[in-house]
Amino acid sequence: QVGDLYRAVRLRTQDLLGPLDGDQWSLPVPACPGWDVHGVLSHLVGVIEDSGAGELDGPPGPAQTADEVERHRATPSAELLWHWTELSPPFEQVLSSASIWPAFFDVLSHEHDVRGALGAPGERDGADVQLAAKLLVRSIDLGRPFRIDTGPAVLASAVDGSDALVLRTSAFEAFRLRMGRRSRAQVEAMDWSDDPGDLIDRLFVFGPAS
C-alpha cells in the first residue's frame, strides 16, 4: 500500500539525514532551487501538518511549499527530524486508506534531491523507483503511442504500435524527468527513436528544471 511505500522511503531518508552535522543541513539542494537540506525536511513535515489541518486538497502549490519551508526555518534540524517521525504514522495510514500516490512520489523525489545535495547517490534501482516510473509514465498523453525502454522493462503510456515514439533510458531517469528534475535540453539529448519536438513539454508533471 502507498503508506507502506512512503514509510520505507521515510525511514531510508531519516537514516541518511540522522548523522548530518550543522553545515551539511545548510547545503543547497540543486534540484530544489532556493532550498537547503533543512528546507527539504521542512517541506516534508509541512505537508503532513497542512494535511492534518485540512489545508491540502492536492499537491501544495509554490506559495504553500514556500510557507512550509519558512515555517520551520528556525527549528533545530534534529528536532524537525524527530517531528517527522512522530507525525508520519497516522499520515501513512491516511495515504493507504485514500490511495494518495502523489505523497509517495514527493517523498521519493526529495530523497534523491537530498542525495544529490549530499553527494550520496544510491537506491536508484529499487522497486520503489521502478514502480514510481511505471505509474508516472502510464499517465503520459502524447497523442501517439509512447514507451520508455529501460532495458529490463518497457514502460508504456499507450498501446505499442509501429509508430511509437521510444525513449531509451533508465527507470530512475524516467522518474526524475517526469518530476521536473531534468531540463528540457537534458531530455532532448536523451536516446530517442525519433525527434520528439514539442512533445517533450508533455512529459513533465513539474518543471522542467532550469
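Residues numbered from 1 in each chain as written. Predicted model: local features only at pLDDT ≥ 70, side-chain atom pairs only at ≥ 80, totals over all residues. Heavy atoms only, no water.

Trainee: Help me understand the overall build of the protein chain in this model?
Mentor: The secondary structure content of the protein chain amounts to 9 helices and 4 strands. With respect to the principal axes defined by its C-alpha atoms, the protein chain has extents near 55 × 35 × 30 Å. Here the contacts in the protein chain between residues at least 6 apart in sequence split such that 61% fall between residues at least 24 apart. For the protein chain, the distance from the average site of its 18 positive side-chain charges to the average site of its 32 negative ones is 6 Å. (Helix = DSSP H or I, 4+ residues; strand = E, 2+ residues; numbered from the N terminus. Contact = heavy atoms within 4.5 Å. Lys, Arg positive; Asp, Glu negative; His and termini not counted. Charge placed at Lys NZ, Arg CZ, Asp CG, Glu CD.)

Trainee: Is there a simple way to think about the environment of Ile100 in this case?
Mentor: Position of Ile100 among the secondary structure elements: in the loop between helix H5 (77-98) and helix H6 (101-118). As a C-alpha pair, Ile100 and Arg7 span 93 residues in sequence and 13 Å in three-dimensional space. Among all residues touching Ile100, those that are not within four sequence positions of it are Val2, Val94 and Leu95.

Trainee: Sorry, what's going on with the layout of surface pockets here?
Mentor: A water-sized probe rolled over the atoms picks out the places where empty space is left. Here the largest pocket is characterised by a volume of approximately 950 Å³. Contributing to the lining of the largest pocket are 37 residues, with His43, Pro60, Asp106, His110 and Phe206 lying nearest its centre. Sorting the residues of the lining of the largest pocket by element identifies helix H3 (37-52), helix H4 (62-71), H5, H6 and helix H7 (127-138) as the ones contributing at least two each. If you tally residues by element for the lining of the largest pocket, the top one is H6, at 5 residues. Size it by volume and the second largest pocket reaches roughly 160 Å³. In terms of lining, the second largest pocket is formed by 14 residues, of which the most central are His112, Arg115, Gly116, Arg124 and Arg176. (1 Å grid on protein atoms, 1.4 Å probe; cavity = no way out; pocket = protein on both sides within 12 Å on 5 of 7 lines; lining within 4 Å. Points joined across faces, edges and corners; volume = space filled by probe spheres on them.)

Trainee: Whenever I open this one, the sheet that holds strand S2 (residues 154-156) confuses me. Can you help?
Mentor: Remark on secondary structure: sheet strands pair via backbone hydrogen bonds, oriented parallel or antiparallel. Read from one edge of the open sheet, 4 strands run S2-S1-S3-S4, paired in mixed fashion. Both edges of this open sheet fall to S2 and strand S4 (191-192), since each of them pairs with a single strand only. One ladder, built from 2 bridges, connects strand S3 (residues 165-168) with S4; its direction is antiparallel. Across the sheet, residue Arg168 finds its bridge partner in S4, namely Asp191. (Pairing = 2+ DSSP bridges.)

Trainee: I keep staring at the side chain of Arg182 and nothing clicks. Help me out?
Mentor: Mapping Arg182 onto the fold places it in the loop between helix H8 (171-178) and helix H9 (184-188). Look past the residues within four positions of Arg182 in its chain and what remains in contact with it is Phe172, Glu173, Arg176, Leu177, Val187, Phe204, Pro208 and Ala209.

Trainee: I tried to follow the nonpolar core on my own but got confused; where do I start?
Mentor: Within soluble globular proteins, side chains that are nonpolar tend to cluster in buried spots. Among the nonpolar cores identified, the biggest contains 55 residues, and Trp84, Phe146 and Trp192 are the most heavily contacted of them. For this core, the elements supplying multiple residues, two or more each, are helix H1 (2-17), H3, H5, H6, H7, strand S1 (146-149), S3 and H8. Leaving out residues up to four positions away in the same chain, Trp192 has contacts with Phe146, Leu165, Val166, Leu167, Arg168, Val187, Ile200 and Leu203. (Core = buried A, V, L, I, M, F, W, Y, C linked by side-chain atoms within 4.5 Å. Buried < 20%, exposed > 50% of the residue type's maximum accessible area, 1.4 Å probe, protein only.)

Trainee: Where do I start with the pairing of S3 in this structure?
Mentor: For a regular strand, side-chain orientation follows a simple rule: the groups alternate between the two sheet faces. Alignment of S1 against S3, held across 4 bridges, turns out to be parallel. In the strand pairing of S3, Ile148 is matched with Leu167.

Trainee: Quick question: what am I supposed to make of the pattern of salt bridges here?
Mentor: Between side chains of opposite charge, pairing is possible as soon as their charged atoms come close. Evaluation of the coordinates by the stated rule reveals 16 salt bridges. A salt bridge links Glu188 to Arg184; the nearest nitrogen and oxygen atoms lie 2.2 Å apart. A residue pair is termed a helical-turn pair when its members lie 3 or 4 positions apart in one helix, as Glu188 and Arg184 do in helix H9 at 4 residues. Using a relative accessible area of 23% as the deciding quantity, one classes Arg184 as partly exposed. What you see here is one network of salt bridges that share partners, running through Arg12, Glu111, Arg115, Glu123 and Asp128. (Salt bridge = Lys/Arg side-chain N within 4 Å of Asp/Glu carboxyl O.)

Trainee: Can you walk me through the packing of H3 against H5 in this structure?
Mentor: For any two helices packed against each other, one specifies the inter-axial angle together with the distance between the axes. At a closest axis distance of 10 Å, the pairing of H3 and H5 adopts a crossing angle of 35°. For the crossing formed where H3 meets H5, the hand is left-handed. Across from His38, Leu41, Ser42, Leu44, Val45, Val47, Ile48, Glu49 and Ser51 in H3, the residues of H5 making contact are Ser77, Leu80, Leu81, His83, Trp84, Leu87, Ser88 and Phe91. When grouped by side-chain class, the residues that make up the contact of H3 with H5 number 10 nonpolar, 6 polar and 1 charged. (Axes fitted to C-alpha atoms, helices over the stretch in contact; angles between N-to-C directions. Left-handed = near helix turned anticlockwise from the far one by under 90°. Nonpolar A, V, L, I, M, F, W, Y, C, P; charged D, E, K, R; others polar.)

Trainee: Looking at this structure, I do not really get the pairing of S1. What am I missing?
Mentor: Only one face of S1 is covered, namely the one carrying Phe146 and Ile148; the face carrying Arg147 and Asp149 has none of its residues buried. Pairing of S1 with S2 involves 3 bridges; the strand directions are antiparallel. The residue bridging Ile148 from the neighbouring strand is Leu155, located in S2. Connecting S1 to the next strand, S2, in antiparallel fashion are 4 residues, including Gly151 with a positive phi near 95°.

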